[in-house]
Amino acid sequence: MTGKVWFVGAGPGDPELLTVKGRRLLEEAGAILYAGSLVDQAATLFGPAGCVIRDSKDMTLEEMSAWLLEQSARHATVVRLQTGDPGLYGALVEMTRPLTAAGIEWAVVPGVSSAFAAAAAAGETLTLPEITQTVILTRVAGRTPMPPGEELEALAAHRATLCIFLSITLLHEVQRALRAAGWPEDAPILVVQKASWPGEEKIVRGTLADIKQRCQAGKIASQAMIIASPALGAADWPTLARSRLYDPAFAHRFRKATVAAPNSETSA
Ligand code: SAH
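Residues numbered from 1 in each chain as written. Predicted model: local features only at pLDDT ≥ 70, side-chain atom pairs only at ≥ 80, totals over all residues. Heavy atoms only, no water.

Undergrad: Explanation requested: helix α7 (residues 171-180) in the structure shown.
TA: The periodicity of an α-helix, 3.6 residues per turn, causes residues three or four places apart in sequence to face the same way. Residues of α7 that are buried include every one of Leu 171, Val 174, Gln 175, Ala 177 and Leu 178, and no others. With its buried residues spanning 165° around the axis, α7 presents them on a single face. Against the buried residues of α7 lie α6 (152-156), β7 (161-165), β8 (188-193), α8 (211-217) and β10 (224-228). In the segment just after α7, Gly 182 is the residue with positive phi, at about 90°. (Buried < 20%, exposed > 50% of the residue type's maximum accessible area, 1.4 Å probe, protein only. Helix = DSSP H or I, 4+ residues; strand = E, 2+ residues; numbered from the N terminus. Arc of directions from axis to C-beta. Contact = heavy atoms within 4.5 Å.)

Given below as structure tokens:
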């Protein structure tokens, strides 16, 4: 038999944030290869009795590919379960290419990224009218170098929302880059560790000046999302530019304007 390999986004940690499709595939799986401690709950909760469940923590990419190939010869449905969305820092192509080369069918099921879970945990919006309409998903260089032009300092110059993955141990480098890009010392920064994990989530709010000390005090050194954004804290601002989409003056496909629009440009 030749099975199909599904790369399933497990979401950020809370098993309830798995998609309905991801859950169905886990329930049907003959074998599940999961990515470390962050997503083991979903695999063990939803994998059927008799399903082969393997942690990939101690495996090389070659070993993972070999395992997926081997299991696809035995089971109709094989799941590679990854944290958040498989398309973000998930070594997806490195795993799909050997499958394609071997003639094994595969597909990807998207997942809720930790960037979104972190914003949700803190009740924050990543975009805000007239403040920022752009979200940059990035990291700082660790062992993986950044391609030219993608240094955090260069990206920060846009003053857009930055969701910074894989960088909590490099907070000093994040601070350096934001300062070099001219962000003020009182710019708000949010750090969320284990976003969405029942009972384990930690939310730290600070500023460019003090976020590192606050994370140290909170003992946050892994599995954390850093969000730097001019939209942070907007829930408490005294004034706010209105979202045009819900403005009575703004007509769109589903609603006629009830007052004359000041300008006809569309934004949400
Ligand atoms: N594909 C994943 C990212 C994998 S890279 C996604 O879409 O979320 C691993 C990094 O993701 C971690 O270093 C951390 O920055 C972030 N991360 C993953 N799960 C997280 C969670 N529950 N809370 C906060 N950050 C998380």
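Undergrad: For this particular structure, what's the right way to read the sheet that holds strand β9 (residues 202-207)?
TA: Strand pairing within a sheet occurs via backbone hydrogen bonds; the two strands may be parallel or antiparallel. One open sheet accounts for five strands, arranged β6-β7-β10-β8-β9; its pairing is mixed. Edge positions in the open sheet fall to β6 (135-139) and β9, since each of these has one partner strand only. Each neighbouring strand pair of the sheet contributes to a mean axis angle of 20°, computed without reference to strand direction. Two elements, β6 and β7, share five bridges in a ladder whose sense is parallel. (Pairing = 2+ DSSP bridges. Axes fitted to C-alpha atoms, helices over the stretch in contact; angles between N-to-C directions.)

Undergrad: Help me out: how do you make sense of the side chain of Gln 193 in this one?
TA: Within the element layout of this structure, Gln 193 appears in strand β8. Leaving out residues up to four positions away in the same chain, Gln 193 has contacts with Glu 200, Glu 201, Lys 202, Lys 219, Ile 220, Ala 221, Ser 222, Gln 223 and Ala 224.

Undergrad: Help me understand the site of the ligand in this model?
TA: Looking at the ligand, there are 18 residues lining it, with Pro 12, Leu 88, Ser 114, Ala 195 and Ala 224 nearest. Residue Ser 114 places a side-chain N or O atom 2.7 Å away from an oxygen atom belonging to the ligand. Lys 194 places a main-chain nitrogen or oxygen 3.4 Å from a nitrogen atom of the ligand. When the ligand sits alone it has 550 Å² of accessible area, and the protein chains cover 92% of it. The residue inventory of the shell around the ligand, partitioned by class, reads eleven nonpolar, five polar and two charged. Inspection of the shell around the ligand shows a minimum of three residues originating in each of domain 1 (4-109) and domain 2 (114-234). (Near = heavy atom within 4 Å. Polar contact = N/O pair within 3.5 Å; in protein donor to acceptor, adjacent residues only side chain to side chain. Areas by Shrake-Rupley, 256 points an atom, 1.4 Å probe, with all protein chains shown as cover. Nonpolar A, V, L, I, M, F, W, Y, C, P; charged D, E, K, R; others polar. Domains from an automatic or database assignment.)

Undergrad: What should I look at first to understand the sheet that holds strand β3 (residues 52-55) in this one?
TA: With respect to topology, five strands assemble into an open sheet ordered β3-β2-β4-β1-β5, the strand pairing being parallel. Looking along the sheet, the strands with just one partner apiece sit at the ends: β3 and β5 (105-109). Averaged over all pairs of adjacent strands, the angle between their axes in this sheet comes to 15°, without regard to strand direction. Of the strand pairs in this sheet, strand β2 (residues 31-34) and strand β4 (residues 77-82) are connected by four bridges, and their pairing is parallel. Residue pairing in the sheet places Tyr 34 in a bridge with Leu 81 of β4. Contacts from helix α1 (residues 20-28) reach β1 (4-9), β2, β4 and β5, with the element oriented near 130° to β4.

Undergrad: How do you make sense of the side chain of Thr 138 when you look at a structure like this?
TA: By the secondary structure assignment, Thr 138 is in strand β6. Classification of Thr 138 by relative accessible area gives buried; the value is 3%.

Undergrad: Is there a simple way to think about the pattern of salt bridges in this case?
TA: A side chain of one charge can pair with a side chain of the opposite charge if their charged atoms are brought near each other. Taken as a whole and judged by the stated rule, the model has twelve salt bridges. Here Glu 70 ties to Arg 74 by a salt bridge, and the two come within 3.5 Å at their closest N and O atoms. In this structure, Glu 153 and Arg 176 form a salt bridge, with 3.4 Å as the shortest nitrogen-oxygen distance. With a gap of 23 residues between them, Glu 153 in helix α6 and Arg 176 in helix α7 connect regions that are remote in the sequence. A relative accessible area of 33% places Glu 153 in the partly exposed class. For Arg 176, a relative accessible area of 41% translates into the label partly exposed. By sharing partners, the salt bridges in this structure join Glu 153, Glu 173 and Arg 176 into a single network. (Salt bridge = Lys/Arg side-chain N within 4 Å of Asp/Glu carboxyl O.)

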